[in-house]
Amino acid sequence: MASLGAPSSDTRILVVDDEPSILDAVSTMLRYEGYVVSIATNGEEALASVRSHPPSLIVLDVMLPDLDGIELTKRLRADGSEMPILLLTARDALEDKVAGLDIGADDYVTKPFVLAEVIARVQALLRRSAGTQRRAGRLSFADVVLDERTHEGFRGGTRIPLTATEFNLLRYLLQHPRTVRSKEQILDDVWHYDFGGETGIVETYVSYLRRKLDALGSPLIHTIRSVGFILREAEDAS
């Protein structure tokens, strides 16, 4: 099998799973692709590993025997950890995916999975993380300002409480103002894959983000029926 990428020697990935077969398969494949891999079999062990030697990315099982993946993600984000987190879980309902992303995870793979898919998601997240660091700065439209260095959003000077996914969605819209973006485009560019074709995830997060923005001013995110969404001020509408 040909390597799908050429990671640097300092790209370390932490794989967390209490199922030995999955832990071995994922970690072996990642090492084959050239990554430095550490492993943990429970949440507390993973938390200690991250705090002592922060990895470049975490592949994290949701169902763990002590501290589950959702709670571990919450704690890591509360600690200020910004490394990408890829969740592995047997739960495939849309609301479960939203819950995982909403607390700060970056991507989601449903069991059973193909190892090549996990590798592709890992590489996409690492590219996205590196790209975010290179583009760090400020984006603005109307009275909305997004600071990529501090991961904060403001409207009219008031801070907007944003989850990690809401931040990424707002950044994408700010990068494409006054341009209609389809749900499929948003899935591809914000989540970097098609999420199993479930465009409902886009509608869910647009609704979350729209509610927070509208609470501080006139509507900025508009729905173009049967097409997608556009960021524009009311007077821009035709």
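Residues numbered from 1 in each chain as written. Predicted model: local features only at pLDDT ≥ 70, side-chain atom pairs only at ≥ 80, totals over all residues. Heavy atoms only, no water.

## A look at helix H7 (residues 183-191)
Thinking step 1. Those residues of H7 not exposed but buried are Ile186, Leu187, Val190 and Trp191. Buried residues in H7, looked at end-on, bunch into an arc of 100 degrees, giving them a common side. (Buried < 20%, exposed > 50% of the residue type's maximum accessible area, 1.4 Å probe, protein only. Helix = DSSP H or I, 4+ residues; strand = E, 2+ residues; numbered from the N terminus. Arc of directions from axis to C-beta.)

## Topic: helix H6 (residues 164-175)
An α-helix turns once per 3.6 residues; consequently, residues spaced three or four apart project the same way.
Thinking step 1. Between the first and last C-alpha of H6 there are 17 Å, a value that for 12 residues agrees with the 16 Å anticipated at 1.5 Å per step.
Thinking step 2. Burial of H6 is extensive: 10 of the 12 residues sit out of reach of the surface.
Thinking step 3. Those residues of H6 that fall on the buried side of the exposure criterion are Thr165, Glu166, Phe167, Asn168, Leu169, Leu170, Arg171, Tyr172, Leu173 and Leu174. (Expected span 1.5 Å × (residues − 1).)

## What about unusual backbone geometry?
Thinking step 1. The linkage connecting Lys111 with the following residue, Pro112, adopts the cis geometry, with an omega of -5 degrees.
Thinking step 2. Of note, Pro112 is situated in the loop between strand E5 (107-110) and helix H5 (115-134).
Thinking step 3. Phi at His151 is positive, roughly 55 degrees, even though this residue is not glycine.
Thinking step 4. For His151, the location among the structural elements is in the loop between strand E7 (144-147) and strand E8 (152-155).
Thinking step 5. Residue His151 is classed as partly exposed on the basis of its relative accessible area of 33%.
Thinking step 6. A positive phi is found at Ser226, a non-glycine position, where the angle reads about 65 degrees.
Thinking step 7. Checked against the element boundaries, Ser226 lands in the loop between strand E10 (221-224) and strand E11 (228-231).
Thinking step 8. With a relative accessible area of 79%, Ser226 lands in the exposed category.

## Topic: empty space enclosed by the protein
A water-sized probe, rolled over the atoms, reveals where empty space remains.
Thinking step 1. Scanning the model with the defined rule gives one cavity of 30 Å³ or more in all.
Thinking step 2. Here the largest cavity is characterised by a volume of approximately 50 Å³.
Thinking step 3. If you trace the largest cavity, you find it lined by Leu101, Ala105, Asp106, Arg128, Ala164, Thr165, Asn168, Val190 and Trp191.
Thinking step 4. Sorting the residues of the lining of the largest cavity by element identifies H6 and H7 as the ones contributing at least two each.
Thinking step 5. For the lining of the largest cavity, the leading source of residues is H6, giving three residues. (1 Å grid on protein atoms, 1.4 Å probe; cavity = no way out; pocket = protein on both sides within 12 Å on 5 of 7 lines; lining within 4 Å. Points joined across faces, edges and corners; volume = space filled by probe spheres on them.)

## Some thoughts on the pattern of salt bridges
Thinking step 1. For the coordinates displayed, the defined rule picks out 14 salt bridges.
Thinking step 2. Two residues, Lys111 and Asp61, come together in a salt bridge whose shortest N-O distance is 3.0 Å. Taken together, the residues span a long stretch of sequence, with Lys111 in the loop between E5 and H5 and Asp61 in strand E3 (residues 57-61) at a distance of 50 residues. We note that Lys111, like Asp61, is buried.
Thinking step 3. Notably, a salt bridge pairs Arg121 with Asp107, separated by 3.5 Å at the nearest N-O pair. Remark: Asp107 occurs in strand E5 and Arg121 occurs in helix H5; sequence separation between them is 14 residues.
Thinking step 4. Given the relative accessible area of 12%, Arg121 is considered buried. (Salt bridge = Lys/Arg side-chain N within 4 Å of Asp/Glu carboxyl O.)

## Focus on the sheet that holds strand E1 (residues 12-16)
Thinking step 1. With parallel pairing, the five strands of this open sheet are ordered in space as E2-E1-E3-E4-E5. Only two strands of the sheet have a single neighbouring strand rather than two, namely strand E2 (36-40) and E5. Adjacent strand axes in the sheet meet at a mean angle of 20 degrees when their direction is disregarded.
Thinking step 2. Pairing of E3 with strand E4 (residues 85-89) involves four bridges; the strand directions are parallel. Residue pairing in the sheet places Leu60 in a bridge with Leu87 of E4.
Thinking step 3. Strands in contact with helix H1 (residues 20-32) are E1, E2 and E3; relative to E2, the strand with the most contacts, it is inclined by about 165 degrees.
Thinking step 4. Contacts between helix H2 (residues 43-52) and the sheet are confined to E1, E2 and E3, with E1 contributing the most and set at about 165 degrees to the helix. (Pairing = 2+ DSSP bridges. Axes fitted to C-alpha atoms, helices over the stretch in contact; angles between N-to-C directions. Contact = heavy atoms within 4.5 Å.)

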